Amino acid sequence: MARFGRKRGSAFFCFLLCFLCFVVFAFAKRFGSHTKQWPTFKDPPTLIFKREDLQRIWKWEVNSGHYPSRYPIPEQIHLNSALNNPALPPRGRDSFTHNPAQYTTSTKGTGPRRTYVSLEARPPNTAYPPRPIPGSVADLDVVMEHCDYGKRKYVRDCLEVLRVGAGLDNGKRVRRSKLEDWKYIYVEQPDNSTLQARSFDEDDDMSQQLDKSDSESGLVKKWGVEWEVPPLQLPEVADYRPYHTLENPCDPESSKIFHMFWTGRFTDKPYLALLSFLFTQNLGLHKGAEHQKVCRPQFWLWINPGPAAAVPNPNARAQMYAELKDSPWASPFLHPRFKDIIKFRLWNTTEQLDGVEELKHEWRTRDLFNSGGWVVNLPKKEKSTTTTGAADGDADKSKDDMLNRAGSKSVSSYDRMSVILSDMARFILCHRYGGIYLDADTIFLRDWEELWGWKGAFAYRWSRLPRYNTAVLKLNKGSALGKFLFRSALKNNLDFHPMTVSRYTKDAFLEPLLLRLPDALFDSAWLNTEDYQMDRPPQPFFTNFEHFFETPSPSGAAPQALGFDGFFKGAYSYHFHNFWWKPFDPARNWPDLGQRFAAAERKARIELRKQGITRQATYTTANGAGGANHGADAKGHHDNSTTAHADDLDDDQRDLSWATVLKRTFEAYLRGERPNMYGEWLDWEGN
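The model shown is predicted, which means the values in this text are computed figures rather than measured ones. (Residues numbered from 1 in each chain as written. Predicted model: local features only at pLDDT ≥ 70, side-chain atom pairs only at ≥ 80, totals over all residues. Heavy atoms only, no water.)

Draft legend 1. Summary view of the packing of aromatic side chains. Enumeration over the complete set of coordinates arrives at 56 aromatic pairs. For the ring pair F261 and W347, a centre distance of 5.5 Å and an interplane angle of 85 degrees mean the geometry is edge-to-face. Note that F261 is positioned in strand β6 (residues 257–263) and W347 in the loop between β8 (342–346) and α7 (349–354), a separation of 86 residues in sequence. Both residues of the pair, F261 and W347, belong to the buried class. Summarising the aromatic geometry, the rings of F548 and F584 are spaced 6.3 Å apart at their centres and angled 75 degrees between planes, so their arrangement reads as edge-to-face. Of the two residues, F548 is situated in the loop between α13 (526–529) and α14 (558–562) and F584 in the loop between β16 (573–575) and α15 (598–611); the sequence distance between them amounts to 36 residues. Like F584, F548 is buried. Cation over ring: R446 sits above Y572, and NZ or CZ is 3.9 Å from the ring centre. (Phe/Tyr/Trp six-rings, centres within 6.5 Å; stacked < 30°, edge-to-face > 60°. Helix = DSSP H or I, 4+ residues; strand = E, 2+ residues; numbered from the N terminus. Buried < 20%, exposed > 50% of the residue type's maximum accessible area, 1.4 Å probe, protein only. Lys NZ or Arg CZ within 6 Å of the ring centre and 35° of its normal.)

Draft legend 2. A look at empty space enclosed by the protein. Inspection of every chain in the model, using the stated rule, returns 11 cavities of 30 Å³ or more. Taken as a whole, the largest cavity encloses approximately 250 Å³ of empty space. Lining of the largest cavity is provided by 21 residues; of these, G135, Y243, W452, G453 and K455 occupy positions nearest its centre. Of the residues forming the lining of the largest cavity, the biggest block, three residues, is contributed by helix α10 (residues 449–453). (1 Å grid on protein atoms, 1.4 Å probe; cavity = no way out; pocket = protein on both sides within 12 Å on 5 of 7 lines; lining within 4 Å. Points joined across faces, edges and corners; volume = space filled by probe spheres on them.)

Draft legend 3. The sheet that holds strand β14 (residues 465–475), seen in detail. Pairing is mixed across the open sheet formed by seven strands, whose spatial order is β8-β7-β6-β11-β14-β13-β15. The sheet is open, and its two edges are formed by β8 and β15 (514–517), each paired on a single side. Between one strand and the next, the sheet's axes are offset by a mean angle of 35 degrees, whatever the strand orientation. When strand β13 (residues 457–462) meets β14, the two strands line up antiparallel, connected through four bridges. Note that in β14 the partner of Y460 across the bridge is N469. (Pairing = 2+ DSSP bridges. Axes fitted to C-alpha atoms, helices over the stretch in contact; angles between N-to-C directions.)

Okay, structure coming up:
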């Protein structure tokens, strides 16, 4: 055969081989998976609800006060009349005029009037910022105006607006001009002339609001799936209650619960999340708190004791508390002082899924571990254990494969299964119990009072992309939006990956109901780590998430010089994006909480010595310098006291990272050596 012929033959053979592989893959996806769909080269549609039900969802959420925004409702919803909105104050009569030939995109405010407040520390009390006003609300429309990356807003500028508007620049304000446009926090005022919102059934019949020429025009249904049969069954409209109307500080319709999901052994990561919670939130732990009328938030830490595909054994709850009590990182939070604000909960996948009305009858026929269309197929033994709740789901701990991991110990042993499970767990927890979910790699940086006051649902932006990141997720308990999300996920093979959730809301024109907040509020370093906004970065300047743990030498003086106040001041939280295996404080990798918790500290130090872990093994500075053994002298002898050789200055890192400074700041608060960020001292003797 000629040379040219051989080349053509080889190319044809390669093409044929690739084509056959694609055919096998296509048939496997079409007939061998729960999705029963041919592969596509673009995201397939996900919509399963007709326009009538989409209108009902919008109507329920707006009438319940879950849309305190003036952003327009998408015209594709085809509303013929403005919905009553008790979360917005009335506007002039001209605002309610509507052309019958067009679909309305606005709502009609029937709520109390708003007073935007100026929060600023006043002399002589300027050392610490003021606490947010109980019941105050963040106007997230204003926040979006100043922070939305889609409008070319800088994280640096956003953080300044956030801290000035909340008075976090206590005694350090250098702006001399009027800052009225930066006010984003308001309180709702009693107003007898306020209109009352009508009930869900009092509005015009939904069928009269449909476009009769083609009721589903402009909607693209998911392939191979029938429409959900309308009408979507929804609960009674939630009762919108402004703070000044409540008999008690806590709104029964709006649970003030932070949820967090954790798998495996308790480490310094949930430890620091809990410490930051105690340091920033208004929990009634300080002196004089008994005289304040405030709804105190709770922190529910959900623990999955084993691998994601396993079900806890019958003694799992008792075993969980025994392990928490034995853990040096967890045991301090079992102190009676924290019993009303920190709750440890056992996660059971089967029980939780069966507790969701929209899933309980059908979830067993779906793939439980589906992330963005990437499905983990479980062996029959594990699959039956997971879905039927067998007596004992203990995994073979000698295996370190994907199915048997319980937590991420390194980059190479990343627990992908637990990540997929947590993608689903956050929606279940918020839908069943209400509240806000946070990923375990989150650190609180300020009080969230005014975010609780905003009654809508939100997540935040996936860096530069117009997609959701659900590392922070707020949903209302049993909401219409929640029902939509669960039914959509069920018909899309239980895919709760944030990118897929973005498609659910986009395809259904429900995106405004799950507000996509700027990542500056919760993830201020993200854009810089992807080489965006490098010309005007915020403080501190991270080009890699690892810089939180190992601050580069050129900026290594900043953490100690600036402290907590110099760390993304104005943001509500910081997301350090995994790195579960890196200690926050390599030189003092134990709970350093003083004599009250000396036993936990001593136990952690002894465990480190048994493992033979040295500072050199856990930490390398930017210039390559190492360190000495924990608690061992030059000859390797160990001292079991809590004031061992490791407390010598020579054993400490010369430049402390941001992670280390934050950990030591929070610990100093619990030791009673400093107040929290609002100048309040922890009272251990309070009731």
